[in-house]
Amino acid sequence: MGKELQILILEDVAADAELIERELRKGGIAFLSKRVETKKAFLKEIKDFAPDIILADYTLPSFDGLSALKIAKERCPDVPFIFVSGTIGEERAIEALKRGATDYVLKDRLLRLVPAAKRALCEAKERAERKRSEKALQYRVEFENLITVLSTNFINVAPEDLDKWINLALQTIGEFAGIDRSYVLLFSKKGTKMDNTHEWCAEGIEPQIQRLKNLSVNAFPWFANRIKKREIIYIPRVIDLPPEANAEKEEFHLSAIQSLINVPMVYRGNLVGFLGFDSVREEKVWSEDSIALLKIVGAIFVNALERKRTEDLLIESEYHFRQWAEKTHNSRDAFLNMLEDVSESYKELEELFMSLVKAMVNALDAKSPWTKGHSERVAAYSERIAKEMGLNEEEMKNLRLAAILHDIGKIGTYDYLLDKPARLTDEEFDIVRRHPAQGENILKGIRQLKDIVPLIRHHHERIDGKGYPDGLRGEEIPFCARILHVADSFDSMTADRPYRPAPGKEYAFLEFKRCKGTQFDPRVAKAALKAL
């Protein structure tokens, strides 16, 4: 069964303990054992010996098995506890099982011991793995929610407050992830120098921000080569870095770093800097999921920093415009150039806003292979239907944005529901049905999204009033939400799901015809049949 087990035997008769050990070895179980017969010794070895399984007699001169079981359930609840006794009767055995014993074996039937022990250990391993998976899942859900909050905050933050919010975000991520230092390093325009511009340190960790200024990128060739390729640099053990990374290793030792992650921050294909996370007090292992989410955080940061730069340029352009207005001798060409600069700045701000929105959606799409690309496909289908129906440019713009964000409320939905290979139960479906309202709650504080929030809340309403969350019917449902519902349904019917393959386009068209006037707006369904 792999490595030797730690078996704690509570038994006052040495010969009986030897019989138990002999039986286990005959059954192919390799183990180390400790025998105890008093409460004091039992308490000590539970702590010091840390057993993988406990085998206990029911009756002992100075202690009893039920008392030992109670202690074990309090001190090490996940450790299997099997009674091995000659005095336990059926009623006592049932009572012991009710109180949490894993099994019981009679001493005159020790042939049952090995199967019972193996089964108990196997079940304990499965429980431990399930708990680890649930813990990892909960961590991911909480991390996704944190990213969503950061995205909405950075969309709303004023440029003059950005530095404060970046430092607060570094602290929030650092404390959540249990790391010692988080920071931003930005490259110079030519990419030859880098500066530590923002930093958060856990209590007792020495700041490095003043030391890490005007650093030459070429002084760290191993690092520079990887970061310029836009690679995420993940070093679980600094001590294991190769010889060609000696310069980097020396720098990391100066900062007392044991493990680190550096996430490139890229804007419009250009490397702007990187987001760093250091573990100083211990070596730290990051999961692939966590690293992927940190990449999204890097995208949020770089878009926020570029937004500040663009808004600063806009303010500067407006200042020059006012100067021009005061000096009428300026040429017409200079005026037109200034207008062009201002226009470009506004255009870039809009692109940055969309980049932040997409960073939020990436956090959702990364949850599952079944959700990846869904939002962009729904946006494309929505645009085709809207174009067929003659919507104006502003309506099309709002509809596309709503389509991209329509499932953002699923950020708080457990991954196992999105990946479940069978149909959802009624209780599970109730959890999923909450996502339109959750999406509204996430986005309602963003002033730029006020016109699309109703579309997100109502994209699962039906014409006949049997939809959710509000049971709206007919014209009560926002028109663009009706388009979004059709586009979302089309993607659902033409994309694979974990519990079934895609029914296909022909099936989707039959459903549009069958359900127009009940589930779907008849005009939208008709347009979809032409456009998709």
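Residues numbered from 1 in each chain as written. Predicted model: local features only at pLDDT ≥ 70, side-chain atom pairs only at ≥ 80, totals over all residues. Heavy atoms only, no water.

**What to know about the overall build of the protein**
Consideration 1: What the protein contains, in helices and strands, is 19 helices and 11 strands.
Consideration 2: The burial tally for the protein puts 48% of its 532 residues in the buried class.
Consideration 3: When the accessible surface of the protein is split by element, carbon and sulfur atoms take 51% of a total near 27,100 Å². (Helix = DSSP H or I, 4+ residues; strand = E, 2+ residues; numbered from the N terminus. Buried < 20%, exposed > 50% of the residue type's maximum accessible area, 1.4 Å probe, protein only. Areas by Shrake-Rupley, 256 points an atom, 1.4 Å probe, with all protein chains shown as cover.)

**Considerations on helix α15 (residues 435-443)**
Consideration 1: Looking at α15, one finds that the buried residues are H435, P436, G439 and L443. In a view along the axis of α15, the buried residues occupy a sector of 105°, so they form one face of it. (Arc of directions from axis to C-beta.)

**With respect to the sheet that holds strand β6 (residues 181-187)**
Pairing between the strands of a sheet is mediated by backbone hydrogen bonds and can be parallel or antiparallel.
Consideration 1: One open sheet accounts for 6 strands, arranged β8-β7-β6-β11-β10-β9; its pairing is antiparallel. This sheet does not close on itself; its edge strands, each paired only once, are β8 (215-216) and β9 (233-235).
Consideration 2: Here 6 bridges tie β6 to strand β11 (residues 270-279), and the two strands are oriented antiparallel to one another. Bridge pairing in β11 places R181 opposite D278. (Pairing = 2+ DSSP bridges.)

**Brief notes about the pairing of β11**
Consideration 1: Here β11 lies mainly inside the structure; 9 of its 10 residues are buried.
Consideration 2: By the bridge criterion, 9 bridges tie strand β10 (residues 259-267) to β11 in an arrangement that is antiparallel. Following the sheet pairing, L260 is matched in β11 by D278.
Consideration 3: Between the end of β10 and the start of β11, which pair antiparallel, lie 2 residues, with R268 showing a positive phi angle near 50°.

**Details of the pattern of salt bridges**
Consideration 1: Counted under the stated rule, the structure contains 30 salt bridges.
Consideration 2: Two residues, R400 and E376, come together in a salt bridge whose shortest N-O distance is 3.0 Å. Of this pair, R400 sits in helix α12 (residues 393-405) while E376 sits in helix α11 (residues 374-388), and the two are 24 residues apart along the sequence.
Consideration 3: A residue is classified by how much of its surface remains accessible, and R400, at 23% relative accessible area, is partly exposed. (Salt bridge = Lys/Arg side-chain N within 4 Å of Asp/Glu carboxyl O.)

**A closer look at the sheet that holds strand β4 (residues 81-85)**
Consideration 1: Strand order in this open sheet of 5 strands is β2-β1-β3-β4-β5, and the pairing throughout is parallel. Only two strands of the sheet have a single neighbouring strand rather than two, namely β2 (31-36) and β5 (103-106). Strand after strand, the sheet turns through a mean of 20° between neighbouring axes, direction not considered.
Consideration 2: Two strands pair when backbone bridges link them, and strand β3 (residues 53-56) and β4 are joined in this way by 3 bridges, in the parallel orientation. Bridge pairing in β4 places A56 opposite F83.
Consideration 3: Running at roughly 170° to β4, helix α3 (residues 65-75) makes contact with β1 (5-10), β3 and β4 of the sheet. (Axes fitted to C-alpha atoms, helices over the stretch in contact; angles between N-to-C directions. Contact = heavy atoms within 4.5 Å.)

**Quick word on the confidence of the model for the protein**
Consideration 1: For the protein, the mean per-residue pLDDT works out to 84, and 85% of the residues sit at or above 70.
Consideration 2: The low-confidence segment residues 318-322 (pLDDT under 50) makes 4 contacts with residues lying over four places distant or belonging to another chain.
Consideration 3: Low pLDDT, under 50, characterises residues 324-336; the stretch is placed with 5 contacts to residues that sit more than four places away or in other chains. (pLDDT = per-residue confidence, 0-100.)

**Considerations on the packing of helix α1 (residues 14-26) against helix α5 (residues 113-156)**
Helix-helix packing: each pair is described by the crossing angle between the helix axes and the interaxial distance.
Consideration 1: Axis separation between α1 and α5 bottoms out at 9 Å; the angle between their running directions is 70°. As far as their axial angle goes, α5 and α1 are roughly perpendicular. Of α5, the residues touching α1 (which contributes I20, E23 and L24) are L113, V114 and A117.
Consideration 2: Tallied by class, residues from the contact of α1 with α5 come to 5 nonpolar, no polar and 1 charged. (Parallel < 35°, antiparallel > 145°, perpendicular 65-115°, else oblique. Nonpolar A, V, L, I, M, F, W, Y, C, P; charged D, E, K, R; others polar.)

**Describing unusual backbone geometry**
Consideration 1: The omega torsion of the bond from Y468 to P469 falls at 15°, within 30 degrees of zero and hence cis.
Consideration 2: With respect to the secondary-structure elements, P469 resides in the loop between α16 (453-457) and α17 (479-494).
Consideration 3: Phi angles above zero are rare outside glycine, and N214 is one such case at about 50°.
Consideration 4: Mapped onto the secondary structure, N214 falls in the loop between β7 (193-201) and β8.

**Observations regarding the pairing of β5**
Side-chain positions along a regular strand alternate between the two faces of the sheet.
Consideration 1: The side-chain alternation of β5 yields one buried face, formed by D103 and V105, and one unburied face, formed by Y104 and L106.
Consideration 2: Across 4 bridges, the pairing between β4 and β5 is parallel. Residue pairing in the sheet places S85 in a bridge with L106 of β5.
Consideration 3: In this fold, the crossover linking β4 to β5 by way of helix α4 (residues 90-98) has right-handed handedness. (Right-handed = clockwise from strand over helix to strand, strands pointing away.)

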